[in-house]
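The residues making up each chain are set out below.
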Amino acid sequence: SELFTDYKRNLYMDKAECEISYRQGDKTTSRRCFISRRDDTLYYEFKSNQKTKITVDFGTYNDHTHFTKAAAEKVAQGLDEQRCSNGIDYRVKIPETEFGVSIRVFGADTKLENGFIVMYTDYFRMAVKCSSGKGGAKRLKAPSDFDYSEKLRSHVSLHKRLYNSCDIK
């Protein structure tokens, strides 16, 4: 495997978006994401000029307590898959808790392997929504595909008002 070059990691504070890009031999890869202020959903986009094996792993925050250790061991047990006409919906419900995560993947065929979502692709988009309380991991409300740039624009309009509400000198 070749070493990577041209590595860039950017955090755009005025948009609350992060972006990573790099080159590995002839392969160029970029990924970007933000958490929408409009709908409390993480939007993620991956692009490469070559097919890449992607593995989506699930984990929990580890504060070294009995509860988080027990929850981490149960994450894979709570993974559920549902194929939709426009994407693949995953739900992770941590057993014996009211916490869950909904993940919708667009643009790539995926499969479950040992508690991981695995795909081999050069482009995909993903929307992730966390929920807690009664009902746990609800499905994402938007049943249709999304345009990353459009979701970012609607988020930035809300974010800039807050971001520009103060000035530090």
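One can find the structure itself at the top, above this paragraph.
Residues numbered from 1 in each chain as written. Predicted model: local features only at pLDDT ≥ 70, side-chain atom pairs only at ≥ 80, totals over all residues. Heavy atoms only, no water.

*Asks:* Explanation requested: the nonpolar core in the structure shown.
*Replies:* Grouped burial of nonpolar side chains is what soluble globular proteins tend to show. Membership of the largest hydrophobic core comes to 18 residues, with the highest contact counts inside it found for Tyr90, Ile103, Val105, Met119, Phe124 and Met126. Within the second largest apolar cluster, 8 residues are counted, among which are Phe34, Tyr43, Phe106 and Leu152. (Core = buried A, V, L, I, M, F, W, Y, C linked by side-chain atoms within 4.5 Å. Buried < 20%, exposed > 50% of the residue type's maximum accessible area, 1.4 Å probe, protein only.)

*Asks:* Just checking my understanding: could you explain helix α2 (residues 148–163) for this structure?
*Replies:* Count 3.6 residues to each turn of an α-helix, and residues three or four apart come out pointing the same way. The end-to-end C-alpha distance of α2, which contains 16 residues, comes to 21 Å, matching closely the 22 Å that a straight helix rising 1.5 Å per residue would cover. Considering bend angle alone, the principal kink of α2 is centred on valine 156 and spans about 30°. All of the buried residues along α2 are Tyr148, Leu152, Ser154, His155, Val156 and His159. For α2, the secondary structure elements touched by its buried residues are β2 (17–24), β3 (27–35) and β4 (42–56). Backbone nitrogen of serine 149 and a side-chain oxygen of the N-cap are separated by 3.1 Å at the start of α2; the cap is aspartate 147. (Helix = DSSP H or I, 4+ residues; strand = E, 2+ residues; numbered from the N terminus. Expected span 1.5 Å × (residues − 1). Bend = angle between axes of the 7 residues up to and from the residue. Contact = heavy atoms within 4.5 Å. Polar contact = N/O pair within 3.5 Å; in protein donor to acceptor, adjacent residues only side chain to side chain.)

*Asks:* I keep staring at unusual backbone geometry and nothing clicks. Help me out?
*Replies:* One can expect most non-glycine residues to show negative phi and most peptide bonds to be in trans. With a phi close to 55°, aspartate 6 is a non-glycine residue in the positive phi region. You can see aspartate 6 is positioned in strand β1 (residues 4–12). In this model, aspartate 40 sits at a positive phi of 50°, which is unusual for a non-glycine residue. The residue aspartate 40 is located in the loop between β3 and β4 in this model. Note on aspartate 40: relative accessible area 59%, which makes it exposed.

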